[in-house]
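Coordinates in review
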Amino acid sequence: MTPESPDSVLVEIVHDALPGRLRCRVRGLHRNRAAAAALEEALEGSGVRDVRASALTGTVLIVFELGLERDHLVGRLAQAAGALPQAAPDTGIDWLDGGRPFRRGWRTERPAVRAVLRVENEADAWHVTEAADVLTLVGTTSRGLAAGEAAARLARDGPNVVPERGPRSVASMVADQLRNGPVLLLLGTTLLSVASGGFADAAIIAVVVTLNAGIGVYTQRRAERAISGLTRTRLPEATVIRDGRHAVIEAETLVAGDLLLLGRGTYVAADARLLQSDHLSVDESALTGESVPVEKSPGSLLRRDLPLADRTNMVYRGTVVTGGGGLAVVVAIGEGTEMGRIQALIQLEEQPLTPLQRQLDGLGDQLARIGVAVSAAVLAVALLRRLPFLEALRTTIALAVASIPEGLPTVATVTLATAVRDMRRRGLVARRLDAIETMGGIQVLCLDKTGTITTNRMAVVAVETAGRRLALTEAGFRDQQSRSEPPDSDPLRRLLEVASLCSEAELIDHEGTVHLSGSATETAILDAAIRAGIDLRALRGNAPLLVMEQRAETRQFMATRHEIGAGTQLVAVKGRPDQVMARCTSWASPCGIVPLSDADREQIAAANEALAGQAYRVLGVAEGRVAPEAPHWNHDLVWRGLIAIADPVRPGMADLIRRLRKAGIRTVMITGDQSATATAIARELDLAGGEELQIVDSIRLEALDPAVLASLASRVHVFSRVNPSHKLRIVRALQAAGQVVAMTGDGINDGPALKGADVGIALGRDGASVAREVADIVLTDDNLTALLSAVARGRNIRDDLEKSVHFITVTNLSEVLFMFGGVATGFGVPLNAKQLLWINLITDVFPELALALEPPERDVLARPPGDPTRPLVPRAAYPRLAGEATVLTGAGLASYLYGVARYGRGPRAAALGFNALTAAQLLHAISVRSEHHSMFRRDHLPENRWVSLALGGGFGVQLVGQAVAGLRGALGTARLSIMDLGVALTAALASFVANETLKEVRLRTAPALLPAAQSPGGTP
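Throughout what follows, the structure given in this document is the object of discussion. (Residues numbered from 1 in each chain as written. Predicted model: local features only at pLDDT ≥ 70, side-chain atom pairs only at ≥ 80, totals over all residues. Heavy atoms only, no water.)

Examining the sheet that holds strand β29 (residues 666-670)
The strand order β15-β34-β33-β32-β16-β29-β31-β30 describes an open sheet built from eight strands, whose pairing is mixed. Strands with a single pairing partner mark the edges of an open sheet, and in this sheet they are β15 (428-430) and β30 (695-697). Along the sheet, successive strands turn relative to each other by an average axial angle of 20°, direction set aside. Judged from the five bridges that link them, strand β16 (residues 444-448) and β29 form a sheet pairing that is parallel. In the strand pairing of β29, L445 is matched with T667. (Pairing = 2+ DSSP bridges. Helix = DSSP H or I, 4+ residues; strand = E, 2+ residues; numbered from the N terminus. Axes fitted to C-alpha atoms, helices over the stretch in contact; angles between N-to-C directions.)

This is the structure we're talking about:
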């Protein structure tokens, strides 16, 4: 067949190696979002579970039911692609097959479909190079590198590390502070002040800008120090073959040519080409964004331009092995890896703003524009009133300065930096700043069971073998019915021997004592075997391990082959009981080895359910005999029995779930255990909160339509017998139902779901390094109760920012209204430019920063989660903010008019209005501290010493400005009597009481604003 031009191809298959998944490239889709939406809509339904068309990559991913034919799907896609405006006319070529590892030059014909293979080979295209050629190109052999050669390459090429972002310079931070819209407007008004002869005004504006920029730089440096190192994680160790022997080395010392051994849970520390694989699957979400693990195989591919996600014979730095095992040769390290190249690009990018920071920036620009517009209106009114132009212009400039919220970006930095520091103090490390914000809005918390809800410190408590149930006590195994030692211990011994052989756990001699090293499950089984009197070293010496098959995504059991002599090999299998029993044809009955009948299977299944119903983790064990040359060796097995392992629930979990429920957060348990085990633990924790417990098994999960699952997930409390892809699907379903989802986990199998959740939370002490790598928040001491603090902090960040915005909006508006009211009523300009700038300096910067440091209110966890997309100043709040500003304006105008009535227009009247407005604004900071508490309620807010310092300092500076003659002269005010000061202070206090009264009325007449509970128990 003559190859056709790829330009005439509408649809090109790039990957179809995974069952139920098909990835194609579609001509006309690249950079065409409309085409992507049209393709997704055209392919929905009729056995297609999910369609994702990417205008960025020009590819379509189709997830479909296994019964569908691939050619049928390709035909549907080609038909849809032909309808795109950019698609070429029908050429008779429907699709191009270039992703599968076919032999070079191979051609095929399929009904109604023609396939064309493109072959390109370059020296650096490792995935199209034969494995043997790769070894030659990197200069290594099947024995691996010699130690001396590895050291020489390490010295030549450097360590296996990627570049990290260094600290920003102070100059760049200062530039950031001066670059935002409000500050640029301030600088513009400075030039106007100089041009109009207001040099003193310009100097005060410069002080305001300098002070604000200084605070911003200081807090930003503290924030960067607080988060520097959160994303720096030390690479785990790597297992390699050097000099023909296995060696465990620091991952930073890997060099090109090292042979890398891969097993379940391995963190891939360098780019490598596969040489061998055994059901190997890798989570590449950190690199490609695809959360479903990819199956890998060592065969060479035929296309140089395959995307990373479809290079199935390569493993890449930053990815994680989720199942099976393999052997690969390192071809790139450090900056030369795909992850290293991405990291190098990241260094060129600025740190992205969090969603709240972006909201604040937009709000600041909006408020600044409004302030300037209103100031221009005041200028127009002043000119209409025939006020001197120069005086009116200077006052208007000062009013514009006073209305510009130049401190808002600094407020966001202060709040986030404080949150990071406080969370670290409580044992939480946030790897992303926006994760702290998102924690405040989570509505569903998905909890992995093993190692998260439970301690993952397992112990064998019972076994079921030869029709008898035996409990493990301090004195050894005893019959559960008679409590006596079983008369025949051979079945028990053989069960534990087989389970101990099918194990990765190691025996380590340390100062004459044998220590067990391995997973919690496997060390528990070995410990039970030792207590049963089994000599594990002799057992393993008599049956040396030959081959090991790890658990995989679709194979929930482990199998090993052992040499036992006489041309026979022993097969040992342990894992999920139903999957192990499906491979058995006989069983160890009380009468010996007999065929496994349907009745026997039902009896074993009932025993399994009974043990699982007691919240035990249950494993099935089987063995077999095969010839060394047998290709299939995990079938026709002998069932040996069940092993029940207890994993106790972490202390305080029931109380944590109760408190999360009180905070409006629903908890969902996701576990690989059986339904009976999951049900028992869910009831122990009262997961349903008194409702009927809803549980879904993964068998039902597979058959559910995504839309149905999204609806169902909002009501289910427990998902059982799930695998990693199921966990991710559950998280996606909850998100599709409009929920903000957090996922906790500690193992490699939790990685995809941690990555896909809105917030991924990993256990840092006992959890796998892989889970920590992909998580957004890490619990350093595995104290799950700290999650309450994280939720409170997340809610408090938004609360504090809203308080700062509330305060600055009301106070700035009150100044505008005060000036406008004085001019519009014909009583002249109440305040001059210097007085307005003084108020801006005293009441804006420090009180708003103090409010940004407000601790969480005591009932913050008694309220439902807020909407994270809600604006910081919603439209519904406009009337309330305007009302509060009017009250403050009233205090200033009343005092000013009192002064005009008593002293006439002049410095003394202005001084009364000036002091009253300043005091009213300072007191308003107390009112803004909470929207849920007023001065008329007995419950008290937590102490905020920063507010006390800001208000005390503000009043102190104001009194100094009133008492010192030189400052009075510079500000253009007059000395006031004690009575006048009392009038100004009374007016300010009256405005505070009035606003607090309005708040109390609002709380009483709008119950929805009241917190659900106001008890000290809500304190995080």
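Having seen it, we continue.
What to know about the pairing of β16
Here β16 lies mainly inside the structure; five of its five residues are buried. For β16 and strand β32 (residues 741-745), the ladder comprises four bridges, and the chain directions are parallel. The residue bridging L445 from the neighbouring strand is A742, located in β32. (Buried < 20%, exposed > 50% of the residue type's maximum accessible area, 1.4 Å probe, protein only.)

Focus: helix α27 (residues 786-824)
End to end, α27 covers 56 Å across 39 residues, agreeing with the expected 57 Å (1.5 Å per residue, within 8%). Counting buried residues along α27, 35 of its 39 residues qualify, which places the element largely inside the surrounding structure. At the exit of α27 stands G826, carrying a positive phi of roughly 90°. (Expected span 1.5 Å × (residues − 1).)

Topic: the packing of helix α29 (residues 845-852) against helix α32 (residues 945-963)
Where α29 contacts α32, the axes come no closer than 8 Å and their chain directions differ by 170°. The angle between the axes of α29 and α32 places the two elements in the roughly antiparallel class. Seen from α29, the contacting residues are F846, P847, A850 and L851; seen from α32, they are W946, V947 and A950. Across the contact of α29 with α32, the residue classes break down as seven nonpolar, no polar and no charged. (Parallel < 35°, antiparallel > 145°, perpendicular 65-115°, else oblique. Contact = heavy atoms within 4.5 Å. Nonpolar A, V, L, I, M, F, W, Y, C, P; charged D, E, K, R; others polar.)

Considerations on the packing of α27 against helix α30 (residues 878-903)
Following both chains from N to C, one finds α27 and α30 inclined at 45°, their axes separated by 8 Å at the closest point. In terms of orientation, α27 lies oblique with respect to α30. As α27 runs across α30, the sense of the crossing is right-handed. Across the interface between the two elements, H806, T809, V810, T811, L813, S814, L817, F818, G821 and G822 from α27 touch R880, L881, A882, E884, A885, T886, L888, T889, G892, L893 and Y896 from α30. Taken together, the residues of the contact of α27 with α30 break down into ten nonpolar, nine polar and two charged. (Left-handed = near helix turned anticlockwise from the far one by under 90°.)

Digging into the pattern of salt bridges
Summed over all chains, the structure comprises 30 salt bridges. In this structure, E884 and R880 form a salt bridge, with 4.0 Å as the shortest nitrogen-oxygen distance. Here E884 pairs with R880, and both are found in helix α30, just four residues apart, close to one helical turn. Residue E884 is classed as buried on the basis of its relative accessible area, which comes to 8%. Where salt bridges share partners, they join R493, R494, E497, E623, R625 and R640 into one cluster. (Salt bridge = Lys/Arg side-chain N within 4 Å of Asp/Glu carboxyl O.)

Describing the pairing of strand β8 (residues 238-242)
Of all five residues making up β8, four are buried, and the element is well covered by its neighbours. For β8 and strand β9 (residues 245-249), the ladder comprises five bridges, and the chain directions are antiparallel. From the neighbouring strand, A238 faces β9, where its bridge partner is I249. Counting the residues in the hairpin turn of β8 and β9 gives two residues, including D243, whose phi is positive at 55°. In terms of strand pairing, β8 meets strand β10 (residues 259-262) through two bridges, oriented antiparallel. Residue pairing in the sheet places V240 in a bridge with L260 of β10.

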